[in-house]
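This is what each chain is made of:
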Amino acid sequence: MGLILKILSYLYLCAAVQCVHQVAWLPCQFLDEHVFVNNMGHTETQLIHREAMLQFGQKGDTPVNPHALTFLITGSKLDLQRYVEGVEAEQLECELRRYSTEGIHVSWPVRGAQEYNHWFSCTLRHAKGLFTVTGFLRCPSDQPPPGQQDYHKWPAIGDREILTTTVAMVIKTQSPSVRAGLGSQQKLHCQFAVDHKGPNVTVEWHWQHRGERTRLFSHTSRTGQTQGSGVGLRSLAGGDASYSLPFTKMSSEGTYVCSVSVIPLFVSLDISLHIEEPPRVSLNVGPTLSLQEGGEQKVACEAESYYPLDVEIVWHMQDPAVSGQRVGAPLPKVLQNILLSSHKHNQDKTYSLTAFFYLQASLGDSGRQFTCSVSHQSLRVPIKKSFILTVEEPISWMFYLTVGTIVVTLVVVLYVLLRYLHSGECGDSHTNRPIKVYFSMMMLECEESLKRYCHIDTVNSLN
């Protein structure tokens, strides 16, 4: 009964606080360095990939993998596990390296810390690029560092050795790669923490692009001196060094570097900002296009104001009988006679492109749907614009000849009769009646002929 109550209590607590999965250990790549002088007298560094384990626990714990080098992270004020909560071990990439202090020796101000330390950097990356975390692991030692070029004389580490460490500093970004549209507001996330209070911290932001590097912001906690803008000082005091871009421009694209320095440690994170502007797509024809058989029409699909350069425009044709069919319908036919204009470089540094073809109208194509599909990396799905073609039979030359003959004959007859009626040869009104009757009969006959061949109301037209 007591066991059941414990289990129920545990389940209740998990439901109440939404228990979060924590990684207990991780397989890692330890990139060791071997520095030597080659036959030409030049210094070379050889990277050695060694199997290692990152294990969270207490001093004296048994290693999870006794055949690998184990970095045992014991408790401190900084919990590296908290920065990867809720993430499965399979989603994390772990890399360990030695860290050189370049001869700088400072006693790390933590209670109980020894005089000397060996330093290692541990970088955890989400496999899908959701975040990057770098932590400094402090391994106490009673041996002083060898000097400024300490990487020339790294102390040996055995393949199955256990290194007991604590986390001294952590830096994290939740936006290793940012995709932004023009004119948007962006916040580049950078968060850091140190395992002791009141550290002398220097935080800087730099922007670099195509070999150009510019400092955007700098703040030193010891002097309180601040240069530049974009980072809130109140949030910075709590470890939030995020940088705000109020209005992205094309010139905003590049790599933003967030760096944090607490002597003798220095770490930086790169955040890539990519400008992506989706295209505006339009056709030079309406939803329906009517042509006579044998007619020709230039049909153009224009993608405007997109960035970056690469865009794909494809024209498809589909029969009307299968346009609404979902199951078993044949794939739309890709048109091959497509011509592309040259890329137009707009003033705002975006691009435009037109894909066009010359449509030869035939009765067999009447009712078919033509679709322009535009794909670009800024779009989750392609943009599609369509029109339906209607083809009509042409009017024959016999039709125009017949109508022309009738109209000419009618005009001549009317002219002759009117001249005759108004001349003196017609006599009095009684004599004119047969002529007027004949005139009316002629009008009716012409009207019926025009109705039959021209499909118009003769009387209304003449009036």
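A quick note: this is a predicted structure, and the numbers were derived from the prediction, not measured.

Engineer: How would you explain the state of the cysteines if you had to name every residue and give the values?
Structural biologist: Overall, the coordinates contain three disulfides when judged by the stated rule. Paired by a disulfide, cysteine 190 and cysteine 258 hold their sulfur atoms 2.0 Å apart. The chirality of the disulfide connecting cysteine 190 with cysteine 258 is left-handed, given an S-S dihedral of about -70°. Of this pair, cysteine 190 sits in the loop between β9 (186–188) and β10 (191–194) while cysteine 258 sits in strand β15 (residues 254–262), and the two are 68 residues apart along the sequence. On the basis of relative accessible area, cysteine 258 is assigned to the buried category, the value being 0%. Each disulfide pairs two cysteine sulfurs, and for cysteine 301 the partner residue is cysteine 372, the sulfurs being separated by 2.0 Å. Judged by the sign of its S-S torsion, about -70°, the cystine formed by cysteine 301 and cysteine 372 is left-handed. Of this pair, cysteine 301 sits in strand β19 (residues 296–306) while cysteine 372 is found in strand β25 (residues 369–375), placing the two residues 71 residues apart along the sequence.

Engineer: Any chance you could break down the sheet that holds strand β26 (residues 383–392) for me, citing the residues and the numbers?
Structural biologist: Across the sheet, which stays open at both edges, the five strands sit in the order β18-β26-β25-β20-β21 with mixed pairing between neighbours. Every interior strand has two partners, whereas the edge strands, β18 (288–292) and β21 (333–334), have only one. Bridge analysis of strand β20 (residues 312–318) against β21 gives two bridges, and the strand direction is antiparallel. When the bridges of β21 are listed, methionine 317 appears paired with lysine 333.

Engineer: Explain the environment of valine 106 to me, using residue names and the numbers behind them.
Structural biologist: The topology assignment puts valine 106 in the loop between β4 (92–99) and β5 (116–126). With a relative accessible area of 32%, valine 106 lands in the partly exposed category. Setting aside its immediate chain neighbours within four residues, valine 106 contacts Ile263 and Pro264.

Engineer: Give a detailed account of the nonpolar core, specifying residues and quantitative values.
Structural biologist: In terms of nonpolar packing, the biggest core is built from 32 residues, with Phe192 and Trp205 touching the most fellow members. Looking at this core, the elements that each hand over two or more residues are β7 (162–173), β8 (177–180), β10, β11 (202–209), β14 (243–245), β15 and β16 (265–275). Sort the elements by how many residues they give to this core and β16 lands first, with five residues. If we ignore the near neighbours within four places in the chain, the residues touching phenylalanine 192 are Val170, Ile171, Val201, Val203, Leu236, Gly239, Ala241 and Val260. Counting residues in hydrophobic clusters, the runner-up holds 30 residues, among them Ala52, Leu69, Phe71 and Cys122.

Engineer: Mind laying out the sheet that holds strand β12 (residues 212–220), listing which residues take part and the relevant values?
Structural biologist: Strands sit in the order β8-β16-β15-β11-β12-β13 across an open sheet of six strands; the sheet is mixed. On the outer flanks of this sheet lie β8 and β13 (226–228), each paired with one strand and no other. When strand polarity is set aside, the average angle formed by the axes of neighbouring strands in this sheet is 20°. Bridge analysis of β11 against β15 gives seven bridges, and the strand direction is antiparallel. Bridge assignment links valine 203 to a residue of β15, and that residue is valine 260.

Engineer: Can you explain the packing of aromatic side chains? Please cite residues and give values.
Structural biologist: The way to describe two aromatic rings as a pair is by their centre distance and the angle between their planes. Scanning the model with the defined rule gives 14 aromatic pairs in all. Seen in terms of ring centroids, tyrosine 99 and phenylalanine 136 are 4.9 Å apart; in terms of plane orientation they differ by 75°. Their pairing is edge-to-face. Of this pair, tyrosine 99 sits in strand β4 while phenylalanine 136 sits in strand β6 (residues 132–141), and the two are 37 residues apart along the sequence. The same class applies to tyrosine 99 as to phenylalanine 136, namely buried. The ring centre of tyrosine 83 lies 4.6 Å from the NZ or CZ of arginine 82, which sits over that ring. In this structure, lysine 298 is placed above the aromatic ring of phenylalanine 356, and the distance from its NZ or CZ to the ring centre is 4.4 Å.

Engineer: Residues and numbers for the pattern of salt bridges, please.
Structural biologist: For side chains bearing opposite charge, pairing can occur when the charged atoms are close. By the definition in use, this model includes eight salt bridges. Aspartate 32 serves as the salt-bridge partner of arginine 98, at 2.7 Å between the closest nitrogen and oxygen. In this pair, arginine 98 is assigned in strand β4 and aspartate 32 in strand β1 (residues 25–37), connecting sequence segments 66 residues apart. Neither arginine 98 nor aspartate 32 differs from the other in exposure class; each is buried.

Engineer: Any details on the environment of leucine 291? Residues and values, ideally.
Structural biologist: You can see leucine 291 is positioned in strand β18. A relative accessible area of 12% places leucine 291 in the buried class. Residues leucine 291 and serine 366, 75 residues apart in the sequence, show an inter-C-alpha distance of 9.1 Å. Contacts of leucine 291, omitting those with residues within four sequence positions, involve Gln297, Leu359, Ala361, Leu389, Thr390, Val391 and Glu392.

Engineer: Which residues make up unusual backbone geometry, and what are the values?
Structural biologist: Cis geometry marks the peptide bond from isoleucine 263 to proline 264; its omega dihedral reads 10°. When you line up the elements, proline 264 lands in the loop between β15 and β16. At glutamate 102, a position not held by glycine, the phi torsion is positive, near 55°. Residue placement: glutamate 102 occurs in the loop between β4 and β5.

Engineer: Any chance you could break down the pairing of strand β2 (residues 43–56) for me, citing the residues and the numbers?
Structural biologist: Where β1 meets β2, 13 bridges bridge the pair, whose relative direction is antiparallel. Among the inter-strand pairings, histidine 34 is bridged to a residue of β2, identified as glutamine 46. Taking the residues between adjacent antiparallel strands as the criterion, β1 and β2 are bridged by five residues, where glycine 41 takes a positive phi near 85°.

Analysis parameters
- Residues numbered from 1 in each chain as written.
- Predicted model: local features only at pLDDT ≥ 70, side-chain atom pairs only at ≥ 80, totals over all residues.
- Heavy atoms only, no water.
- Disulfide = S-S within 2.5 Å.
- Helix = DSSP H or I, 4+ residues; strand = E, 2+ residues; numbered from the N terminus.
- Buried < 20%, exposed > 50% of the residue type's maximum accessible area, 1.4 Å probe, protein only.
- Pairing = 2+ DSSP bridges.
- Contact = heavy atoms within 4.5 Å.
- Core = buried A, V, L, I, M, F, W, Y, C linked by side-chain atoms within 4.5 Å.
- Axes fitted to C-alpha atoms, helices over the stretch in contact; angles between N-to-C directions.
- Phe/Tyr/Trp six-rings, centres within 6.5 Å; stacked < 30°, edge-to-face > 60°.
- Lys NZ or Arg CZ within 6 Å of the ring centre and 35° of its normal.
- Salt bridge = Lys/Arg side-chain N within 4 Å of Asp/Glu carboxyl O.

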